[in-house]
Amino acid sequence: MSDLTARAKELDAADELAAKRAEFVLDDVVYLDGNSLGALPANVPDRVADVVGRQWGALRIRSWEESGWWTAPERIGDRIAPLVGAAPGQIVVGDSTSVNVFKALVAAVRMAGEGRDEIVVDATTFPTDGYIAESAARMTGCRLRPVVPSEVASVLGDRTAAVLLNHVDYRTGRLHDLPALTAAVHAAGAYVVWDLCHSAGALPVGLDEHGVDLAVGCTYKYLNGGPGSPAYLYVRSDLQPRFDSPLPGWNSHAEPFGMRPEYEPAPGAPRGRVGTPDILSMLALEAALEVWDGVSVESVRAKSLALTDFFLECVERYVPEGAVESLTPVAHEERGSQVALRCQGADAVMKRLVERGVVGDYRAPDVLRFGFTPLYVGFADVERAARVLGELLS
């Protein structure tokens, strides 16, 4: 047994979150791709069976009231709220991240008002966010200005309407400074939209604490909601009366069953709704969120940093010098919950890792990406992953 193997055992024995692993459906594979698709929480299959067999099969239409289907988007939003530092009544669950980015960005431009005709977007953003931002700019008559996050503060001005940023870079795992960037946007009189896809459930966000205007995120990564599970939209409470959605639907109407031809938006978070909620996946998500019972985001962050620190140490020890280059910042305040390694032939290397029971993912052109979900990833997993990577690259 190497000293790193022994340390991994000691760290796992002292891990206060170790018992959470039993609440997921896992095997002997080292699963480091929870930043793309979280593992299945063990309580979800029975809950989905109940939703299908009893709520849909037996109660049918009655379940909109008797099973709480109608209020699910806000109820589940309130379940997510503590994980991103938000008070109840500000998050609605539904639609995809892309749709919610569109709603939030157009609404931000509308709130900014006359004379503000520029949208600033993270130039390194996940491609879809860029596509949506470009379309929103065309539709609102704005100029789109892509810049890297470190340069955002220097380009803001009295024409800036909205700024769309990622909390964690999906390629490198770099954590951007949400408090400072939010303050800079506000100082310029603009509105900020944060994409939390790679941070919610992995680290503290502090939406209310830092006065974030609008935020969006998916639920199938660190929140383990399942493939294609619905996304969410956060609208700060004091902005909700002014939130003018570009996608008004009957579900966001003040009288959804009034069927009136004129649109009157509902008060509060329901303004972010559009059409009929996707109940099956939404209630699977609600069940999945139960794994967070009794878990603090701060403890998750502490373990995340310990896991990524240990992984980088193991990589340095096991992997031949010069075979990989870490793109993920060393500083804790700049690191999310993943490690990205630049590697020649990364695509083929990841396929060989998967064959050896270590699952991460590949991002073009040369990045091995490993996500660390503290609720079910242990230190022995980390040591094994780095050791197998070293064997393959030796």
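Residues numbered from 1 in each chain as written. Predicted model: local features only at pLDDT ≥ 70, side-chain atom pairs only at ≥ 80, totals over all residues. Heavy atoms only, no water.

By the naming in an unreviewed UniProt entry, the protein is Kynureninase, taken from Streptomyces fuscus. The record in UniProt for the protein states the following under Cofactor (unreviewed entry): "pyridoxal 5'-phosphate". The Sequence similarities (unreviewed entry) comment attached to the protein in UniProt states, word for word, "Belongs to the kynureninase family." (UniProt positions renumbered as here; feature names shortened; annotations may be inferred.)

1. Some thoughts on the domain arrangement of the protein
How big an interface is tends to be stated in terms of the accessible area lost upon association of its parts. Entries for the protein in the domain assignment read domain 1 (3-31 + 295-393) and domain 2 (49-292). For domain 1 and domain 2, the distance between their C-alpha centroids amounts to 30 Å. Opposite the 27 residues of domain 1 that make contact, domain 2 presents 19 residues. For the domain 1 and domain 2 pair, buried surface summed over both sides reaches about 1900 Å², with 58% attributable to carbon and sulfur atoms. Our count for the contact surface shared by domain 1 and domain 2 stands at one salt bridge. As a salt-bridge pair, arginine 174 and glutamate 334 come within 3.2 Å of each other at their nearest N and O atoms. Scanning the region where domain 1 abuts domain 2 turns up ten residue pairs in polar contact (both at pLDDT 80 or more). For the side of domain 1 that touches domain 2, the secondary-structure elements that each account for two or more residues are α10 (297-318), β12 (338-343) and β15 (367-371). The element contributing the most residues to the side of domain 1 that touches domain 2 is α10, with five residues. (Domains from an automatic or database assignment. Contact = heavy atoms within 4.5 Å. Buried area = accessible area lost by both parts, 1.4 Å probe. Salt bridge = Lys/Arg side-chain N within 4 Å of Asp/Glu carboxyl O. Polar contact = N/O pair within 3.5 Å; in protein donor to acceptor, adjacent residues only side chain to side chain. Helix = DSSP H or I, 4+ residues; strand = E, 2+ residues; numbered from the N terminus.)

2. Quick notes on the packing of aromatic side chains
To describe a pair of aromatic rings, one takes the distance between the centres and the angle between the planes. A full pass over the atoms with the stated rule returns eleven aromatic pairs. Both rings, one in tryptophan 64 and one in tryptophan 69, keep their centres 5.3 Å apart while their planes meet at 85°; by these two values the pair is edge-to-face. An angle of 55° between the planes, with centres 5.2 Å apart, marks the rings of phenylalanine 311 and phenylalanine 370 as tilted. Taken together, the residues phenylalanine 311 in helix α10 and phenylalanine 370 in strand β15 connect sequence positions 59 residues apart. Clustering of aromatic rings is evident, with ring pairs tying together Trp64, Trp69, Trp70, Trp250 and Phe257. (Phe/Tyr/Trp six-rings, centres within 6.5 Å; stacked < 30°, edge-to-face > 60°.)

3. Some points on the side chain of serine 36
Its location among the elements puts serine 36 in the loop between β2 (30-31) and β3 (40-41). Since its relative accessible area comes to 18%, serine 36 is described here as buried. A polar contact of 2.9 Å, which involves the side chain of serine 36, links it to the side chain of aspartate 361. Filtering out sequence-adjacent residues up to four positions away, serine 36 remains in contact with Tyr220, Lys221, Asp361, Arg363 and Arg369. (Buried < 20%, exposed > 50% of the residue type's maximum accessible area, 1.4 Å probe, protein only.)

4. A few points about the packing of helix α4 (residues 72-80) against helix α9 (residues 279-288)
Running from amino to carboxyl end, α4 crosses α9 at an angle of 25°, the nearest separation of the two axes being 10 Å. Between α4 and α9, the crossing angle belongs to the class labelled roughly parallel. Both α4 and α9 take part in a crossing whose hand is left-handed. The residues of α9 that touch α4, namely those facing Ala72, Pro73, Arg75 and Ile76, are Met282, Leu283, Leu285 and Glu286. Looking at side-chain class alone, the contact of α4 with α9 contains six nonpolar, no polar and two charged residues. (Axes fitted to C-alpha atoms, helices over the stretch in contact; angles between N-to-C directions. Parallel < 35°, antiparallel > 145°, perpendicular 65-115°, else oblique. Left-handed = near helix turned anticlockwise from the far one by under 90°. Nonpolar A, V, L, I, M, F, W, Y, C, P; charged D, E, K, R; others polar.)

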